[in-house]
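Chain by chain, the residues run as shown.
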Amino acid sequence: MKPSHSVLLLALMLASVFPAQASAQPSPTCPGPITLPDWPDGAAAVTDKGLSLGAPARIVLERRADGSFAGQAALEIERAGHYEISLGGPAWVDVSKDGVTLASQSHRHGPACSGIRKIVTFSLQPGMYEVRLSRSSAPAVQAMVTPVP
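These remarks concern the structure in this document. (Residues numbered from 1 in each chain as written. Predicted model: local features only at pLDDT ≥ 70, side-chain atom pairs only at ≥ 80, totals over all residues. Heavy atoms only, no water.)

**Remarks on unusual backbone geometry**
Under the convention used in this document: Helix and strand assignments come from DSSP, with helices taken as H or I runs of at least 4 residues and strands as E runs of at least 2, each series counted from the N terminus.
Residues other than glycine seldom take positive phi values, yet Asp98 does so here, at roughly 50 degrees. The topology assignment puts Asp98 in the loop between β5 (92-97) and β6 (100-101). A positive phi angle, near 60 degrees, is found at Arg135, a position not held by glycine. For Arg135, the position within the fold is in strand β9 (residues 127-136).

Put into structure tokens, the structure is as follows:
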């Protein structure tokens, strides 16, 4: 039986309620990645409509002159609040509106063994945003945007 999207959302919500504590303890040994139908490797590519809340998506990136990869996706927010952008691979994530890059509220690693590499929180008002990924070593990155409960 494969876990559903709700398992991933629960893991993200638990991670926001019980953030990982910094310690010198070694990372847990994972029996293998969590197998979800679309995270971290099976999500559909982002369409012209952009990212959808709660739906994993694959953002295809372009190679830059320095050898890294970068790209972007649109994001529409209907309700003001804090939103987490989770990434399945190493990349910098920025959010901008009308050409202005917003400051993130926090960032942390994803839950152990989840396939989530990084979670960055932004405070967003209703409107259209651009999620920009850069400095990636891969030509595509899995991403998901979820509201903070």
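**Overview of the packing of aromatic side chains**
In plain terms, the rule: Aromatic pairs are defined between Phe, Tyr and Trp rings, using the six-membered ring for Trp, whenever the two ring centres lie within 6.5 Å; interplanar angles under 30 degrees are classed as stacked, those over 60 as edge-to-face, and all others as tilted. Placement of a positive charge over a ring is assigned whenever Lys NZ or Arg CZ falls within 6 Å of the ring centre and within 35 degrees of the normal to the ring plane.
This model, assessed by the stated rule, comprises 0 aromatic pairs. For the cation-ring pair, Lys118 lies above Trp92, with the distance from its terminal atom to the ring centre recorded as 6.0 Å.

**A closer look at the sheet that holds β6**
Quick reminder of the rule: In this analysis, strands are considered paired if DSSP registers two or more bridges between them.
Sheet architecture is open: 5 strands sit in the order β2-β3-β9-β5-β6, paired in antiparallel fashion. At either margin of the open sheet sits one strand with a lone partner, and together these are β2 (62-63) and β6. Across 2 bridges, the pairing between β2 and strand β3 (residues 69-77) is antiparallel. In the strand pairing of β3, Arg63 is matched with Phe69.

**Describing the nonpolar core**
Cut-off, in case you're wondering: Here, the term nonpolar core denotes a set of buried Ala, Val, Leu, Ile, Met, Phe, Trp, Tyr and Cys residues that are joined through side-chain atoms within 4.5 Å. Three exposure classes are used, based on accessible area relative to the maximum for each residue type with a 1.4 Å probe and protein chains only: buried under 20%, partly exposed in between, and exposed over 50%. The contact criterion used throughout is that any non-hydrogen atoms of two residues lie within 4.5 Å.
Grouped together as the largest cluster of nonpolar side chains are 23 residues, with contacts concentrated most on Leu51, Leu75, Ile85, Leu87, Leu124, Val131 and Leu133. Looking at this core, the elements with two or more residues in it are β1 (57-60), β3, β4 (81-87), β5, β8 (118-124), β9 and β10 (140-147). Apart from residues lying up to four places away in sequence, Leu51 is in contact with Val46, Ala57, Ile59, Ala73, Ala74, Leu75, Val131 and Val145.

**Observations concerning the sheet that holds β8**
As a reminder, the rule being used: With axes taken as lines fitted to C-alpha atoms, and helix axes fitted only over the stretch in contact, angles between N-to-C directions fall between 0 and 180 degrees.
Here we have 5 strands laid out as an open sheet, ordered β1-β10-β4-β8-β7, and antiparallel in their pairing. Each having just a single partner strand, β1 and β7 (106-108) make up the two edges of the open sheet. Averaged over all adjacent pairs, the angle separating strand axes in this sheet is 30 degrees, with direction ignored. Taken together, the 4 bridges between β1 and β10 define a ladder with antiparallel strand orientation.

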